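# Chain and residue survey
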Protein chains: 2
Amino acid sequence: MEKYMCEAHAFLLNNDKEEMILENVDQVDVEGDEVKLVNIFGEQKIIKARIKSFSVAKNRIVLEPV
Amino acid sequence: MEKYMCEAHAFLLNNDKEEMILENVDQVDVEGDEVKLVNIFGEQKIIKARIKSFSVAKNRIVLEPV
């Protein structure tokens, strides 16, 4: 069965600008004040940030530094 | 142009169980210790919680109470 893969792109707010930090994000985990992002290629980024918003329709995850 | 809509379901961790709180979530916004969920039908829920994880592929947003 074919399944459409939803993916999202992660942005970090930096002086009111949204800076793309990881594309094709598949998994987001929050551990204390860190956010771990993993994309569909297995690339990982751990950012000292918190999730500000997530738009499923626009495929955008916005983080802000803590 | 037809566009596939990605949607996610939101769960709240409750004594290690995940309890579904809102289906077809389209937008998530974090304001302090509250998470606001809006679904594709315009239903809203505001929960005193934080985002624990988000799996894009599995369409699951998991919140935990604060």
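Described below are features of the structure shown in this document. (Residues numbered from 1 in each chain as written. Chains lettered and ligands numbered in written order. Predicted model: local features only at pLDDT ≥ 70, side-chain atom pairs only at ≥ 80, totals over all residues. Heavy atoms only, no water.)

Moving on: the interface of chain A and chain B. Opposite the 22 residues of chain A that make contact, chain B presents 22 residues. In total, chain A and chain B occlude about 1,800 Å² of area from one another, counting both sides; carbon and sulfur atoms represent 56% of this. When residues of chain A are sorted by the area they lose upon contact with chain B, C6, F54 and V56 of chain A head the list and together hold 31% of the total. There are 8 residue pairs in polar contact (both at pLDDT 80 or more) connecting chain A and chain B. The residue inventory of the side of chain A that touches chain B, partitioned by class, reads 11 nonpolar, 5 polar and 6 charged. Relative to strand β2 (residues 17–31) of chain B, strand β4 (residues 44–55) of chain A is paired through 3 bridges, and the arrangement is antiparallel. Of the residues in β2 of chain B, the one forming a bridge with S55 of chain A is Q27 of chain B. (Contact = heavy atoms within 4.5 Å. Buried area = accessible area lost by both parts, 1.4 Å probe. Polar contact = N/O pair within 3.5 Å; in protein donor to acceptor, adjacent residues only side chain to side chain. Nonpolar A, V, L, I, M, F, W, Y, C, P; charged D, E, K, R; others polar. Pairing = 2+ DSSP bridges. Helix = DSSP H or I, 4+ residues; strand = E, 2+ residues; numbered from the N terminus.)

Moving on: the pairing of strand β3 (residues 34–39) of chain B. All names here are of chain B. In this sheet, β3 lies alongside β2 in antiparallel orientation, the contact comprising 6 bridges. Each residue of the ladder has a partner; that of V28, found in β3, is L37. Linking β2 back to β3 in an antiparallel pair, the connection comprises 2 residues, with G32 at a positive phi of about 60°. Here β3 runs beside strand β4 (residues 44–55); their pairing, made up of 5 bridges, is antiparallel. Across the sheet, residue L37 finds its bridge partner in β4, namely K45. If you look at the hairpin formed by β3 and β4, you'll find 4 residues sitting between the two strands, and G42 has a positive phi there, around 85°.

What the rule picks out here adds up to 1 aromatic pair over all chains. Looking at R60 of chain B, its charged tip hangs above the ring of F11 of chain B, at a distance of 4.0 Å from the centre. (Phe/Tyr/Trp six-rings, centres within 6.5 Å; stacked < 30°, edge-to-face > 60°. Lys NZ or Arg CZ within 6 Å of the ring centre and 35° of its normal.)

Looking at soluble globular proteins, one finds that nonpolar side chains tend to be buried together. Of all hydrophobic cores here, the largest spans 36 residues; its most connected members are L37 and L63 of chain A together with L37 and L63 of chain B. Dropping the residues within four chain positions of it, L37 of chain A is found in contact with A10, I21, L22, V25, Q27, V28, E43, Q44, K45, I47 and L63 of chain A. (Core = buried A, V, L, I, M, F, W, Y, C linked by side-chain atoms within 4.5 Å. Buried < 20%, exposed > 50% of the residue type's maximum accessible area, 1.4 Å probe, protein only.)

Here we take up the environment of N14 of chain A. All names here are of chain A. Inspection of the secondary structure puts N14 in strand β1 (residues 8–14). The exposure class assigned to N14 is partly exposed, which follows from its relative accessible area of 37%. As for N14 and K48, which are separated by 34 residues in sequence, their C-alpha atoms are 13 Å apart. Here E19 takes part through its side chain, which lies 3.0 Å from a polar atom of the side chain of N14.

Function-wise, these values are silent; they only describe arrangement.
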